[in-house]
Amino acid sequence: MKQFSYVLSNENAVQTRSMSNLVREAARFSSKVRLISGAKTAALEEIRSVMGLNMHSGNTVTVTVEGKDEEAAVAAIQNYFVDNM
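Because the structure is a prediction, the values reported are computed rather than measured.

1. Some remarks on the sheet that holds strand β1 (residues 2–7)
One key point about sheets: their strands pair by backbone hydrogen bonds, in either a parallel or an antiparallel sense. The sheet built from four strands is open, its strands ordered β1-β4-β2-β3 with antiparallel pairing. This sheet does not close on itself; its edge strands, each paired only once, are β1 and β3 (40–43). Direction aside, the axes of adjacent strands within the sheet are offset by 20 degrees on average. Pairing of strand β2 (residues 32–37) with β3 involves four bridges; the strand directions are antiparallel. The residue of β3 that forms the bridge with Ser-37 is Lys-40. Contacting β1, β2 and β4 (60–66), helix α3 (residues 70–84) crosses the sheet at an angle of about 5 degrees to β1.

What follows is the structure, encoded as structure tokens:
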């Protein structure tokens, strides 16, 4: 399992469009990807669960990736966060 934490700095990062693009990015991989914000966890393939995390700019989130292609998945998702979140 791989993981990283990230502080959301873009105010638009938690809008539906950004989250939908993040879900699409994670869907490119077979690994199980989870997003953790506070005490809540959501599977990154479920946009409703992700939006239910009620994240805001300034929140720290943790992404965990587990599976066959976890190395590539964590790199791609981490790059997405840096570029968009």
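2. Structural notes on unusual backbone geometry
Of note, Asn-54 is a non-glycine position whose phi angle comes to about 55 degrees, a positive value. Within the element layout of this structure, Asn-54 appears in the loop between α2 (47–51) and β4.

Criteria and thresholds
- Residues numbered from 1 in each chain as written.
- Predicted model: local features only at pLDDT ≥ 70, side-chain atom pairs only at ≥ 80, totals over all residues.
- Heavy atoms only, no water.
- Pairing = 2+ DSSP bridges.
- Helix = DSSP H or I, 4+ residues; strand = E, 2+ residues; numbered from the N terminus.
- Axes fitted to C-alpha atoms, helices over the stretch in contact; angles between N-to-C directions.
- Contact = heavy atoms within 4.5 Å.

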